[in-house]
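Reading the structure
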Amino acid sequence: MKVATWNVNSLSVRLPQVLDWLAANPVDALCLQELKLSDDKFPVAALQEAGYHSAFFGQKTYNGVAILSRSPLSETVRNIPGFEDEQARIIAGTLQGEDGPVRIVNGYFVNGQAPDSDKFVYKMRWLQALRDWLHSQLEAHPRLVLLGDFNITADDRDTWDPEGLRETIHHTTAERDELKALLALGLHDAFRLFEQAEKSYSWWDYREFAFRRNRGLRIDYALVSEALKPQVSACVIDRAPRKNERPSDHTPVVVTF
DNA sequence: ATGGCCTCCTTTGGAGGA
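Our subject in this report is the structure included herewith. Only a predicted model underlies this, so the values are computations on that prediction, with no experimental measurement involved. (Residues numbered from 1 in each chain as written. Chains lettered and ligands numbered in written order. Predicted model: local features only at pLDDT ≥ 70, side-chain atom pairs only at ≥ 80, totals over all residues. Heavy atoms only, no water.)

On to the layout of surface pockets. If you add up the space inside the largest pocket, you get close to 840 Å³. Lining the largest pocket are 33 residues, with N111, N151, I169, H170 and W203 sitting closest to its centre. Tallied by class, the residues present in the lining of the largest pocket amount to 12 nonpolar, 12 polar and 9 charged. If you add up the space inside the second largest pocket, you get close to 200 Å³. Along the wall of the second largest pocket there are 13 residues; nearest its centre are M1, D28, Q96, G97 and E98. (1 Å grid on protein atoms, 1.4 Å probe; cavity = no way out; pocket = protein on both sides within 12 Å on 5 of 7 lines; lining within 4 Å. Points joined across faces, edges and corners; volume = space filled by probe spheres on them. Nonpolar A, V, L, I, M, F, W, Y, C, P; charged D, E, K, R; others polar.)

Moving on, we get to the environment of D132. Inspection of the secondary structure puts D132 in helix α3 (residues 118–140). Expressed as a C-alpha distance, the spacing of D132 and Q48, which sit 84 residues apart in the sequence, is 34 Å. (Helix = DSSP H or I, 4+ residues; strand = E, 2+ residues; numbered from the N terminus.)

So, about unusual backbone geometry. The backbone of E34 sits at a positive phi, close to 55°, despite the residue not being glycine. Looking at where E34 falls in the secondary structure, it is placed in the loop between β2 (29–33) and α2 (44–49). A relative accessible area of 13% means that E34 is categorised as buried. Backbone geometry at K199 places phi at a positive 55°, although glycine is not the residue there. (Buried < 20%, exposed > 50% of the residue type's maximum accessible area, 1.4 Å probe, protein only.)

Let us look at the protein's contact with DNA strand B. Around DNA strand B sit 23 residues in total, of which S10, K60, N111, H170 and R207 are the nearest. Restricting the count to atoms of DNA strand B within 4 Å of the protein gives a sugar and phosphate share of 71%. Contact distances for DNA strand B include 3.1 Å between a phosphate oxygen and a side-chain N or O atom of R14. Contact distances for DNA strand B include 3.3 Å between a phosphate oxygen and a side-chain N or O atom of R246. Taken together, the residues of the surface near DNA strand B break down into 7 nonpolar, 8 polar and 8 charged. (Near = heavy atom within 4 Å. Polar contact = N/O pair within 3.5 Å; in protein donor to acceptor, adjacent residues only side chain to side chain.)

Written out as structure tokens, the structure reads:
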């Protein structure tokens, strides 16, 4: 099974690029973040014509997540049960694989803006709620993959400027400790299960020719559960869509198991 | 250099992103 994640930064703007990418990369499921549209505007028909079912959880202007899949998802969940949230950040569902069901959890993690801001407090609360919920999800669904835009660099390898950006947003010890706590539930960063090129990133600022200079961050991840880990055969970042006209600032990450 | 870019909004500049 191939599952991918891509923060598209507006599905309205990026739909043609999503369709092109799916035609060239026929994955079993594609997790999208930052749809920036309400559910009534979701392009169900265009994706259906491309051969994909859609499970989506949108909101106007900001946030919004979806899972596109070759076969329909079951047991879908929107946002973290029991955690009051105005923002659409989580969608989960189960796909039938050759070796049994696979639970797919797609997250658009909170940005947090700055470590001294209210948004950072919300980020920490959200991360703790996610961890509590995932603990029970892993018990119910041993074959689980958590994908999305995590908005955290796991360690210094995941940032173009570890010294200059130390303890700034996406780089704080508090955020990295939360990611470590997620991994401690029994999840593994699929990208790091394999030999990877140095300076591998999944996001580049639109400003300062950041992509051309490879000044980026790796903040988009696929974490696999213990049960899935032995079956993972690859995890790659596909930089190609970042070279498109009018690209998203993020690029897809694909995991194969 | 308190920036540069992109997307959205019953827009026309500010918020949010990362």
